[in-house]
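If you want the building blocks of each chain, they are given just below.
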Amino acid sequence: MKHSISIFWRDRENHYKLLITKCRNCGKSSYPKLKRCPYCGSTNVEVVESKGRGTLVNYTITYFRVDGSEAMLPKVIGLVKLDEGVKVPAEIVDVPDLSSLKPGLEVEAVLRKYSSDDPHGLIYYGLKFIPSIIKKQ
Ligand SMILES: [Zn+2]
């Protein structure tokens with residue numbers, strides 16, 4: 001997928017950090033970063049950065065074909081509940097065995113390649129999640 005360099009640059013903070021809106025009025029948190037609380041409508045909110053750890057709520061596996069190949073590769077899309085209490089949709093990568101995926105699996109955010117314009121073009125990075133057990137090894 002082609003990205004606009006200027007749009008990606010302007011939105012870079014949301015690609016490299018998990019920013020959560022915390023409401024000072026009702027105390028609830030939400031994702032993504034907002035200027036107004038989606039629960040009570042208050043603008044008395046603060047933006048905090050998540051530590052990037054959480055658990056897998058659920059996931060789905062899709063398969064895609066790489067250009068010039070007949071092989072279908074798996075891509076795991078999960079819903080992660082961060083330790084701060086909000087849910088984030090994200091790609092789950094570095095899964096050694098797809099059968100090890102299950103709700104409740106501990107995961108953490110890592111910076112990974114999203115896409116590139118072409119073999120010699122810009123490379124876009126963003127946050128994805130890996131099973132925490134991989135980092136402990
Ligand atoms: Zn609120």
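An unreviewed UniProt entry lists the protein chain under the name Transcriptional regulator, from Zestosphaera tikiterensis.

Bridge count between strand β5 (residues 72-82) and strand β6 (residues 87-92): six bridges; the pairing is antiparallel. Directly across from Gly78, in β6, lies its bridge partner Ala90. Turn length for the β5-β6 hairpin, with the two strands adjacent in sequence and antiparallel, is four residues, and the turn residue Gly85 shows positive phi of about 100 degrees.

Here the focus is the sheet that holds strand β2 (residues 29-30). On the basis of which strands lie adjacent, the open sheet formed by three strands has the order β2-β1-β3 and antiparallel pairing. One side of each edge strand has no neighbouring strand; the edge strands of this open sheet are β2 and β3 (45-49). Relative to β3, strand β1 (residues 19-23) is paired through five bridges, and the arrangement is antiparallel. Across the sheet, residue Thr21 finds its bridge partner in β3, namely Val47.

All right, on to the UniProt feature "domain: ChsH2 C-terminal OB-fold" (unreviewed entry) in the protein chain then. Here the UniProt feature "domain: ChsH2 C-terminal OB-fold" (unreviewed entry) sits at residues 48-112. With 0% helix and 60% strand, residues 48-112 has end C-alpha atoms that lie 22 Å from one another.

Cut-offs applied
Position numbers for residues start from 1 in each chain and track the written sequence from start to end. Residues qualify for local features only when their pLDDT is at least 70, as the model is predicted, and side-chain atom pairs are given and counted only at 80 or more; totals for whole chains, interfaces and linings, by contrast, use all residues. In this scheme, strands are said to pair when DSSP sees at least two bridges between them. Runs of H or I in DSSP of at least four residues are treated as helices and runs of E of at least two as strands, each being numbered from the N terminus. UniProt positions are given in the numbering used here, feature names are shortened, and annotations may be inferred rather than shown by experiment.

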